[in-house]
Amino acid sequence: MKKSLVILVVMALLLSLALPVFAAKPEIAPGQVVKAEVQERIMIAREERLEFKKDKDNGAVFYDFYLSGDVMPVPPYGSLDIEDSDTMSKLIVNKPNGTNAVTVTGVMKGLLPETEYMVYISNGYDPYYVTEWSRYLNEVLIPEFTFMTDEEGHASWHANIPCEAVECIEGSFEFSVWINSVVPSGTLLISESITVECEE
C-alpha cells in the first residue's frame, strides 16, 4: 500500500513539473522561426538584385535626394524638411531612344501621408550657394506637376524631358528635381544636380 502511494505521489509530482513545459511549448520551434526569417531576407535580397539588374540593363541610374536645408542652408529652406525622407526617396534617370533626352521617375517615401506635393524639373545648381531656386529647366515644355502620397507617405511619379526642352552646352546639360509641399508652400527635397551627355 505504501509502495503504491509513493508511486502515485512521484507520478503526480512529475506530471505537475511537465505540464508547464507542455503549456509553454511554442507551435513553431525557435530554429524554424529563425530559418523562416533568413529565407525571407534571402528572397527580398534576391528580388532587389533582380530589380537592380533590370534597371541597370535598361540604362537606369539612381540619384539621391537631399533635405532642402542641407543643400541650401538659408531660410526658408529647411523649415519644412521631413527627416529621413531624403534617404528613403530616390530618383531614377533613364536615357531612352527616341524624342526624349531622359525620362525621370521619382520613388518617394517618408513623406506625409495622403498629402499633395509639387514637382519642379529645374536647372542644375551649386549647393550651399545663397539663392531661392534654380528656376525651371523649361517652364513651357516641362511645367510643374503634383502627386499625392498614399496612407504610408509613399508615391511615385514619372516625367519626360524632351530633347527640345534642353540646351546642350559643351555636349551636356544639367537638371535637378525640387519637391515642394503645396500647403504650406515650400521646398523640402532637392535632388542631386544631374549632368546628362547629349546625343550627337
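Counting of residues starts from 1 at the beginning of each chain's written sequence and follows it residue by residue. Totals for whole chains, interfaces and linings use all residues, but because this is a predicted model, local features are given only for residues with pLDDT of at least 70 and pairs of side-chain atoms are given and counted only at 80 or more. Computation of side-chain values: all heavy atoms of the structure, hydrogens and water removed.

## Observations concerning the overall build of the protein chain
Phase 1: Here a helix means four or more residues in a row that DSSP labels H or I, a strand means two or more in a row labelled E, and each is numbered from the N terminus. On a plain count of helices and strands, the protein chain comes out with four helices and nine strands.
Phase 2: What you see in the protein chain, going N to C, is helices and strands ordered as α-α-β-α-α-β-β-β-β-β-β-β-β.
Phase 3: Looking at the protein chain residue by residue over its 200 residues, the buried ones come to 34%.
Phase 4: Note on definitions: a residue-residue contact is assigned when non-hydrogen atoms from the two residues lie within 4.5 Å. Long-range contacts, defined here as pairs at least 24 residues apart, represent 69% of the contacts in the protein chain between residues at least 6 apart.
Phase 5: Counting every atom, the protein chain has about 13,300 Å² of accessible surface; 58% of that belongs to carbon and sulfur. Relative accessibility under 20% of the residue-type maximum defines a buried residue, over 50% an exposed one, and the middle range a partly exposed one, all with a 1.4 Å probe and only protein chains included. Working definition of accessibility: Shrake-Rupley area with a 1.4 Å probe, residue cover restricted to the visible protein chains.

## Concerning the nonpolar core
Phase 1: Counting residues in hydrophobic clusters, the biggest one holds 32 residues, and the most contacted among them are Leu91, Phe147, Trp157, Ile161, Phe175, Val177 and Ile179.
Phase 2: Of all the secondary-structure elements, those providing two or more residues to this core are β1 (61-67), β2 (90-94), β3 (100-108), β4 (116-123), β6 (155-162), β7 (172-181), β8 (186-191) and β9 (194-197).
Phase 3: Setting aside residues no more than four positions away along its own chain, tryptophan 157 makes contact with Leu91, Val104, Thr105, Gly106, Met108, Val119, Phe145, Phe147, Val177 and Ile179.
Phase 4: Joining through side-chain atoms within 4.5 Å is the link that ties buried Ala, Val, Leu, Ile, Met, Phe, Trp, Tyr and Cys residues into a set, and such a set is a nonpolar core. If you look at the next biggest cluster of nonpolar residues, it comprises 11 residues, including Val71, Tyr77, Met118 and Tyr136.

## Let's talk about unusual backbone geometry
Phase 1: The linkage connecting proline 75 with the following residue, proline 76, adopts the cis geometry, with an omega of 10°.
Phase 2: By secondary structure assignment, the location of proline 76 is in the loop between α3 (68-71) and α4 (85-88).
Phase 3: Looking along the chain, the bond that leaves valine 183 and enters proline 184 is cis, with omega of -5°.
Phase 4: Positionally, proline 184 belongs in the loop between β7 and β8.
Phase 5: Here aspartate 84, not a glycine, exhibits a phi torsion of approximately 75°, which is positive.
Phase 6: Mapped onto the fold, aspartate 84 is located in the loop between α3 and α4.
Phase 7: Residue aspartate 84 is classed as partly exposed on the basis of its relative accessible area of 41%.
Phase 8: Although it is not a glycine, glutamate 114 adopts a positive phi angle of roughly 50°.
Phase 9: By the secondary structure assignment, glutamate 114 is in the loop between β3 and β4.

## Side note on the packing of aromatic side chains
Describing an aromatic ring pair means giving the distance of the ring centres and the angle of the ring planes.
Phase 1: Within 6.5 Å between ring centres, the rings of Phe, Tyr and Trp (the latter by its six-membered ring) count as paired, and their orientation is classed by plane angle as stacked under 30 degrees, edge-to-face over 60, tilted in between. Applying the stated rule across the entire model yields eight aromatic pairs.
Phase 2: Between tyrosine 120 and tyrosine 136, the ring centres sit 5.9 Å apart and the planes meet at 55°, which makes this aromatic pair tilted. Here tyrosine 136 lies in the loop between β4 and β5 (145-148) and tyrosine 120 lies in strand β4, a separation of 16 residues in the sequence. Considered together, tyrosine 120 and tyrosine 136 belong to a single accessibility category, that of buried residues.
Phase 3: On the numbers, 5.9 Å between centres and 75° between planes, the contact of tyrosine 125 with tryptophan 178 is edge-to-face. On the criterion of sequence distance, the pair formed by tyrosine 125 in the loop between β4 and β5 and tryptophan 178 in strand β7 is long-range, its members being 53 residues apart. Each member of the pair, tyrosine 125 together with tryptophan 178, is buried.
Phase 4: In textbook terms, an aromatic cluster arises when at least three aromatic residues are bridged by ring pairs, as seen for Tyr77, Tyr125 and Trp178.

## Observations concerning the side chain of asparagine 180
Phase 1: Relative to the assigned elements, asparagine 180 resides in strand β7.
Phase 2: A 3.5 Å cut-off defines polar contacts: any pair of N or O atoms within that distance qualifies, except that in protein one atom must be a possible hydrogen donor and the other a possible acceptor, and neighbouring residues in sequence count only when both atoms are side-chain atoms. Here the side chain of asparagine 180 touches threonine 187 through a polar contact of 2.9 Å, side chain to side chain.
Phase 3: Not counting the four nearest positions on each side in its chain, asparagine 180 is found in contact with Tyr117, Met118, Tyr120, Gly186, Thr187 and Leu188.

## A short note on the pattern of salt bridges
Phase 1: When a carboxyl oxygen of Asp or Glu is within 4 Å of a side-chain nitrogen of Lys or Arg, the pair counts as a salt bridge. With the rule as written, the count across this model stands at one salt bridge.
Phase 2: As a salt-bridge pair, aspartate 64 and lysine 90 come within 2.6 Å of each other at their nearest N and O atoms. With aspartate 64 in strand β1 and lysine 90 in strand β2, the pair connects residues that are 26 residues apart, well separated along the chain.
Phase 3: The exposure class assigned to aspartate 64 is partly exposed, which follows from its relative accessible area of 29%.

## Observations concerning the state of the cysteines
Phase 1: Sulfur atoms of two cysteines make up a disulfide when they are within 2.5 Å. The tally for this structure, following the rule as stated, stands at one disulfide.
Phase 2: Sulfur-sulfur distance for the disulfide between cysteine 168 and cysteine 198 comes to 1.7 Å. Disulfide cysteine 168 to cysteine 198: torsion about the S-S bond roughly -105°, handedness left-handed. Taken together, the residues span a long stretch of sequence, with cysteine 168 in the loop between β6 and β7 and cysteine 198 in the segment after β9 at a distance of 30 residues.

From the geometry alone we can't say anything about function, so treat these as descriptive.
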